[in-house]
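# Structural description and commentary
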Amino acid sequence: LATSLTLLSAKNHYYRGAPETAASVLEDLRSRPATVMDDGQRMEAALLLGEIACEDGRLDLARQQLETAQRLQIGLPEHPGLDRLGGSVSAKEGDYARAAAAHEREAQIYRSYGLYRTMASALMRAGDNYAKLGDLRTAFDRHYRASVSFFEQSRFSAAKEALQRAEACAEASADPWLRDR
């Protein structure tokens, strides 16, 4: 239980804008004896450390953490964090097609688990990468779907942001179908 609470604390720090504190909590946890964490917990720690490294531009470390998480995932249920981190690394490397595909898989996994809040965020990431590819119709669709999902969750500011991104895709497009949406 203590390990799970420590992982939750690290995630809380990360999502509240304190990635340095999250990394410190995770490093402390990882320095404890191996019996303290199971493979699922080690995978969670690696994924979060990978996200932090990716945001900081330390892509080699992010890739290393992704590979560690992938090894630990064997035998465990499908985990959307693998696709999230893989997509984040791919986007930082400029491989927007791979990033979009990873975030699509991430969204599908969240949807299959009934986690619609995080599904909508994954759709936003996919849409952003499709836009960078110039596939504005698909980008529009992902942002619009995210907007609807956020709205249904009463997350109105997130819905507005997603809708604004969808509108920007439509406005930037020469596609008459899209411009009429």
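For every chain, the first residue of its written sequence is number 1, and the numbers climb from 1 along that sequence. For a predicted model such as this one, the threshold for reporting local features is a pLDDT of at least 70, and the threshold for listing and counting side-chain atom pairs is 80 or more; totals across whole chains, interfaces and linings nevertheless cover every residue. Neither water nor hydrogens contribute to the side-chain values; these are computed over all heavy atoms in the structure.

## Here we look at the packing of helix α2 (residues 19-30) against helix α3 (residues 39-55)
- Taken N-terminus to C-terminus, the directions of α2 and α3 make an angle of 145°; their axes are 10 Å apart at the nearest point. Between α2 and α3 lies a crossing whose hand is left-handed. Here α2 contributes Pro19, Ala22, Ala23, Leu26, Glu27 and Arg30 to the contact with α3, which in turn contributes Ala45, Ala46, Leu48, Leu49 and Ile52.
- All amino acids are sorted into three groups, where Ala, Val, Leu, Ile, Met, Phe, Trp, Tyr, Cys and Pro are nonpolar, Asp, Glu, Lys and Arg are charged, and the leftover types, Gly among them, are polar. Tallied by class, residues from the contact of α2 with α3 come to nine nonpolar, no polar and two charged. Structural elements are reduced to axes, namely lines fitted to C-alpha atoms, with helices fitted over the stretch in contact, and the angle between N-to-C directions of any two is expressed from 0 to 180 degrees. Where helices and strands are cited, they refer to DSSP runs of H or I of at least four residues and of E of at least two residues respectively, numbered from the N terminus. The sense of a crossing depends on the near helix, which, turned anticlockwise from the far helix by less than a right angle, makes the crossing left-handed and, turned clockwise, makes it right-handed. Should any heavy atoms of two residues lie within 4.5 Å, those residues are counted as being in contact.

## Description of the pattern of salt bridges
- For this analysis, a salt bridge means a side-chain nitrogen from Lys or Arg found within 4 Å of a carboxyl oxygen belonging to Asp or Glu. Under the counting rule described, the total for this entry stands at 16 salt bridges.
- Here Arg42 and Asp39 are joined by a salt bridge, their closest N and O atoms 3.2 Å apart. Remark: Asp39 and Arg42 occur in helix α3; sequence separation between them is three residues, near one turn of the helix.
- When the shortest N-O distance is used, the salt bridge between Arg142 and Glu104 registers 2.5 Å. Here the residue Arg142 occupies a position in helix α8 (residues 136-152), and Glu104 occupies one in helix α6 (residues 96-112), the gap between them amounting to 38 residues.
- With relative accessibility at 13%, the residue Arg142 sits in the buried group.
- The cut-offs for exposure are 20% and 50% of the maximum accessible area for each residue type, with area from a 1.4 Å probe on protein chains only; residues under the lower value are buried, those over the upper are exposed, and the others partly exposed. In this structure Glu104 comes out as buried when scored by relative accessible area, which is 12%.
- Each of Glu104, Asp141, Arg142 and Arg145 takes part in one network of salt bridges that share partners.

## What to know about the environment of Arg84
- Here Arg84 is to be found in helix α5 (residues 80-92).
- When its relative accessible area of 18% is taken as the criterion, Arg84 is described as buried.
- Sequence-wise, Arg84 and Arg71 are 13 residues apart; in three dimensions their C-alpha atoms are separated by 16 Å.
- Each residue touching Arg84, except ones within four places of it in the same chain, is listed here: Tyr15, Glu51, His103, Glu106 and Arg125.

## Examining the packing of aromatic side chains
- Between 30 and 60 degrees the pair is tilted, below 30 it is stacked and above 60 it is edge-to-face, where a pair is any two Phe, Tyr or Trp rings, Trp via its six-membered ring, whose centres lie within 6.5 Å. Summed over the entire model, instances satisfying the criterion amount to three aromatic pairs.
- Taking 5.4 Å as the distance between ring centres and 65° as the angle between the ring planes, the aromatic pair formed by Phe151 and Phe156 counts as edge-to-face.
- A relative accessible area of 48% places Phe151 in the partly exposed class.
- For Phe156, a relative accessible area of 46% translates into the label partly exposed.

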